[in-house]
Each structure stands twice: as structure tokens, then as C-alpha cells.
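The residues making up each chain are set out below.
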2 protein chains.
Amino acid sequence: MKIELASSYGFCFGVKRAIEIAQKYENSATMGPLIHNEDEINRLKKDFNVGLYSQLSDVKPDDTVIIRTHGIPKNDLKELKKGVKKVINATCPFVTTPQNIVKNMSKDGYSILIFGDIEHPEVKGVKSYASDLDDVHVILCPEDLKNVKFKNNKIACVAQTTKKKETYLEIVNALILKNKEVRVFNTICDATFENQDAARDISKKADIMIVIGGKSSSNTKQLHSICLENCKNSYLIENENELESSWFINKNYCGITAGASTPDWVIQKVIDKIKSFKP
Amino acid sequence: MKIELASSYGFCFGVKRAIEIAQKYENSATMGPLIHNEDEINRLKKDFNVGLYSQLSDVKPDDTVIIRTHGIPKNDLKELKKGVKKVINATCPFVTTPQNIVKNMSKDGYSILIFGDIEHPEVKGVKSYASDLDDVHVILCPEDLKNVKFKNNKIACVAQTTKKKETYLEIVNALILKNKEVRVFNTICDATFENQDAARDISKKADIMIVIGGKSSSNTKQLHSICLENCKNSYLIENENELESSWFINKNYCGITAGASTPDWVIQKVIDKIKSFKP
């Protein structure tokens, strides 16, 4: 039986990259949780002794500190670079992009609008790159615009990478009607949609689909539902212990996908277990 | 009786300005019709001997040539400047703006999208300012985008000044979803809406409203309908001959507005006639 992974699955590019970086630096520590998955953070601690700091004042001069995928505010990064031996930047490149845009647009005299959650570490980081902190505005919905006073009628817009495109368009449309120039940067990451597209593709070819992820995870359930549309033998499991060998009798092509918070090692255990079944 | 004009009425800013310019240059000629109103062009010919050329090859070295409100293509302007004694630019500033944007954005390596009618003189002029004429694209509706191949994923957008905002937003939204950066310049002129807002304001104060314009003109009828909402004594007339003195008996405040193609001299004749009525 052929076993094949979807062309895009599980952790997004930025999360995968951050974990690879963390694994290279044994005995380091991350500034804030590296990613939003506790199991994986525990594994990095256990296997690579990667620690976790929650505030700048805790770091020690001899530390190697890894910047989390969501990035950190500009001044925290500056302070960290002055205070510790080595700083490794694992900020997702899709997050570095809006940081740089905000930096450059603010310098060029644009008012800045960030569509995102003001409390989210990614947004805190992106916002910090504006040269005029009084003219960078964070909103969650189009209605919030009524409380925003821009200094210019040239506006540059970025979005938190995980936000909904439709809402972003509503916001920029309102701005376009009221301002001379609106410079819209599409900084929303397509990872979720890529996983869905890939699951759709592979489930059309497979005669059995294994979807790995939390049963209460919204994006995992969406993947399962997409697979079921194309392959009636689609199973949603959390780990290898839920696999049943009977599912694979007379099957020729097993497709595999995984939710956005499923680590690769969980996926690998599933693949190993499937391979162990006698045909 | 107080007689007052709406704060915005009749010809838009650019048309008014062009006519003032033409009146200053007796015995000149315009390159293409100065504005889209034949009566007014005939009047300029009769009163100021302002002629009309329809092609560049007709101009003579001793001519003073006036550029029409819609502008002309860049190379035509260059040729004209070489070939005649004096060139007066009556291009509406709201049309010069997208010309300059296209020039600068094209130079900065942006692909250019123009929302407008490719056959319209304004659009022909704006388009001509791109440094890469193979990467400036004119479309009339969002569906046209499927035939457009941009060279870059940085797009700058302008709109013909008289186009509908809602359609412009549909177009730029499609672009935002597919490109890294979309720079949206709001080049749509608000003249029509300004006349409507001003008609609304004055008709709330007046006890008689006179709306001057063609009875088949869509924007004039819209003005009349707005006035009727606030002032039941609102009359739509084409010229002073339609006025009836009985309308003004016991009235204290006469408001006046006019459609976008109504010349000021028609409006003035109406005002003079109203003033001549015995109270």
C-alpha cells in the first residue's frame, strides 16, 4: 500500500522553521512560548533542554535566547541583543514582512493601520516598528475605524498573518473611500487554505485518508470534512493508538494530512504504525 | 425675497476652471472639445472666437492651443508644445493627478491598473503617462481582470474620475487577494455627490427651490428629487422662460441649484428673471 502525505499539512512553514532552529540550539531558551503548542514545547525542553522565559528581566548574560515565531517588540529585541551572549531570531518570515513594512511606511510618512488583535504578541511586535507610535492604529473590525484619527491621508495597511481576508477588505474599502492613497499589503498567511487545498487534492486520489489532529480542533475538523467529501474512508485520529488495522484491508493508497497544531513526530508515529500493519 | 445658490451646483470645478481659461484667450482653439457641452462650446466660439481642432495635424504654428479638461496623451502634448506658439493647459487638476500617479508609479516599477473606458479621452491621456506601456492595463469591470497579465506583484491603481466607487472597490479587492502590494489611489471625483449634498442642505432652509437642468438629465432629476424631499415647492426648469411669477408669491427664501451640464450663464438668466418679479 502506498502511503503519502498531503503536499501541505500540519505545522505551517514558520512553526516548522522555528522548531528546526530550536533543535539546533540545545540548552538555549525562548523568549515567550516558541509556538502555540504545549506538548511540543515540553518535548523541546525534554529532548533539547530548550527553556522558556516569560520576561526580559529573567534572562542571564550567558544565555542563547531564541525569538518566538510571533516576534517581539523592537526595543525588547534591542535590549536582548545588548544583554545576552547570543540571540537567534526564529520570527516567522511572514511576520518579519509586516514588521519591515510598518518600519518603512512609517518612515515614509504614511499613517499605519494594523488589522489584528492588539494583545497578540505578533501585533505588539509589528506595531513597535513604527517610527511614529502615535500614528499606528490597531483595529479588530471595520467599526473600530470610527475611533481612529490618522495624521495623514496616505495610509499603509498590514494585517496580522492569521486574520480573515474578508474583514481586511471591508476595512481597507472604508479607508479607500475616505483617503487619497491607501497602500494595502496582503500579509495574511495562506497556510490554513494551503492545507485544505492539499487535503482536497490527495483525498481525490486516496482510497483511505488519515487526518491527524485534535478532535475539538476547528481546522482539523475542516480537513476531515473536506476529505470525507472525496473519500468515504476518511478517519480523524489524535494519535497512532487510535488506528485500526481493519481499516486498511484491501486498500492501495493511504493519504495523510494533519491539523495546524499537530507536530511532525506525532505524524511520524502514525505512519510507522500504519507501515507495521500486515497487508 | 432672499435668493441663494447652493454651495455646490452646476459645472464641476474642472469645467468651470476650463471655461474661465478659455474666456481669457480670445482667438485661441481647443484641442478636442473643451468640455462635453455643445451650447457652451458654441458660446465660446461666438463670444470669444475659441475654435476647435479635432486632430494635431490641423494646428498652425501661430495658434494658441488650449488643452481640454480631460487632458491629452503625453506625446500629443509634447508635439503640440513644439509645434505651436502657446499651449494653455486646461486639464482638470483631478485628471492631472492620475496622470502624475501613473507616471511616478510606473517609474517606481509598479504594474498599473486603470479602471475606466479605454476609448475615453481622459483614460487615453492618463494611460500615456506610463513609462512601460506594456504594463498599464485598462479595465471596465472586475471580470476584465482575467485577461490582464501584470509584470509585477506590486500594483498601483487609479480610476477615471467619473467612475463608480463600488465597482472600483470590487476591482481592487480582487487584486489585493492576489498580490503582495496594491496601492490604491482614490481618483474618483466627488462633484456629483457634492452637488447633491449642497442641494439637500439648501432645500431644508428654502421655501422655494429652482433646479435648472435638462429634464432628461439623470443627475438633474436626482437633484430635483432630493429638493422635493425637503421643500414641496421645488421646480425643475431648463431655462428662465419656464419660470412662473405665481410660484414666488409669499415666499421668503429661494434656493437655486443646477445640473452638471448647466452653464452659469443659463443660471444667471434664471436669477435675473426671478429678481424681476414684483414681490
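Residues numbered from 1 in each chain as written. Chains lettered and ligands numbered in written order. Predicted model: local features only at pLDDT ≥ 70, side-chain atom pairs only at ≥ 80, totals over all residues. Heavy atoms only, no water.

- As recorded in an unreviewed UniProt entry, chain A goes by 4-hydroxy-3-methylbut-2-enyl diphosphate reductase and comes from Aliarcobacter trophiarum LMG 25534.
- In the Sequence similarities (unreviewed entry) part of its UniProt record, chain A is described as follows: "Belongs to the IspH family."
- Under the Function (unreviewed entry) heading, UniProt states for chain A: "Catalyzes the conversion of 1-hydroxy-2-methyl-2-(E)-butenyl 4-diphosphate (HMBPP) into a mixture of isopentenyl diphosphate (IPP) and dimethylallyl diphosphate (DMAPP). Acts in the terminal step of the DOXP/MEP pathway for isoprenoid precursor biosynthesis." (UniProt positions renumbered as here; feature names shortened; annotations may be inferred.)

Description of the sheet that holds strand β1 (residues 2-5) of chain A
Residue and element names in this part refer to chain A.
Step number 1: A sheet is described by the order of its strands in space; here 4 strands give the open sequence β1-β12-β10-β11, paired in parallel fashion. Each having just a single partner strand, β1 and β11 (234-237) make up the two edges of the open sheet. Averaged over all neighbouring strand pairs, the angle between strand axes comes to 20°, with direction disregarded.
Step number 2: As judged from the 4 bridges shared by strand β10 (residues 208-212) and β11, these two strands associate in the parallel manner. (Pairing = 2+ DSSP bridges. Helix = DSSP H or I, 4+ residues; strand = E, 2+ residues; numbered from the N terminus. Axes fitted to C-alpha atoms, helices over the stretch in contact; angles between N-to-C directions.)

What about the environment of A:Pro33?
Residues and elements named next belong to chain A.
Step number 1: Among the secondary structure elements, Pro33 is positioned in the loop between β2 (29-31) and α2 (38-48).
Step number 2: Using a relative accessible area of 30% as the deciding quantity, one classes Pro33 as partly exposed.
Step number 3: Taking the C-alpha atoms as reference points, Pro33 and Tyr53, separated by 20 residues in sequence, lie 7.9 Å from one another.
Step number 4: Ignoring anything within four residues of it in the chain, the contact list for Pro33 reads Ile41, Leu52, Arg68 and His70. (Buried < 20%, exposed > 50% of the residue type's maximum accessible area, 1.4 Å probe, protein only. Contact = heavy atoms within 4.5 Å.)

A look at the relation of the copies chain A and chain B
Step number 1: Mapping chain A onto chain B is achieved by rotating through 180° and translating by 0.1 Å along the same axis, at an RMSD of 0.1 Å. On this basis, the relationship between the two copies can be described by a two-fold rotation axis. Within chain A, the C-alpha atom positioned nearest to the axis of rotation is that of A:Arg183, 2.1 Å from it.
Step number 2: The residues that chain A uses at the interface reappear at the interface of chain B in 100% of cases, marking a shared surface. (Least-squares fit on C-alpha atoms with pLDDT ≥ 70 in both.)

Regarding the pattern of salt bridges
Step number 1: Enumeration according to the criterion identifies 18 salt bridges over all chains in this entry.
Step number 2: Residue A:Glu181 is joined to B:Arg183 by a salt bridge in which the shortest nitrogen-to-oxygen separation is 2.6 Å. Here A:Glu181, found in strand β9 (residues 181-185), pairs with B:Arg183, found in strand β9 (residues 181-185), and the two come from separate chains. Of the two residues examined, A:Glu181 and B:Arg183, each falls in the buried class.
Step number 3: Where B:Asp47 meets B:Arg43, a salt bridge forms, and the shortest distance between an N and an O atom there is 3.8 Å. Of this pair, B:Asp47 and B:Arg43 both sit in helix α2 (residues 38-48), separated by 4 residues, roughly a single helical turn.
Step number 4: For B:Asp47, a relative accessible area of 38% translates into the label partly exposed.
Step number 5: With relative accessibility at 15%, the residue B:Arg43 sits in the buried group. (Salt bridge = Lys/Arg side-chain N within 4 Å of Asp/Glu carboxyl O.)

Some thoughts on the packing of aromatic side chains
For any two aromatic rings, the description comes down to two numbers: the centre-to-centre distance and the angle of the planes.
Residue and element names in this part refer to chain A.
Step number 1: Inspection of every chain in the model, using the stated rule, returns 10 aromatic pairs over all chains.
Step number 2: Where Tyr235 meets Trp247, the ring centres are 3.9 Å apart and the plane angle is 5°; that geometry is what we call stacked. With Tyr235 in strand β11 and Trp247 in the loop between β11 and β12 (253-258), this pair connects stretches of sequence that are 12 residues apart.
Step number 3: Overall, Tyr235 belongs to the partly exposed group, its relative accessible area being 23%.
Step number 4: A relative accessible area of 15% means that Trp247 is categorised as buried.
Step number 5: Cluster of aromatic residues (ring-pair linked, three or more members): Tyr235, Trp247, Phe248 and Phe277.
Step number 6: Sitting over the ring of Tyr253, Lys2 keeps its end group 4.7 Å from the ring centre.
Step number 7: If you follow Lys154 out to its NZ or CZ, it ends over the ring of Tyr110, 4.5 Å from the centre. (Phe/Tyr/Trp six-rings, centres within 6.5 Å; stacked < 30°, edge-to-face > 60°. Lys NZ or Arg CZ within 6 Å of the ring centre and 35° of its normal.)

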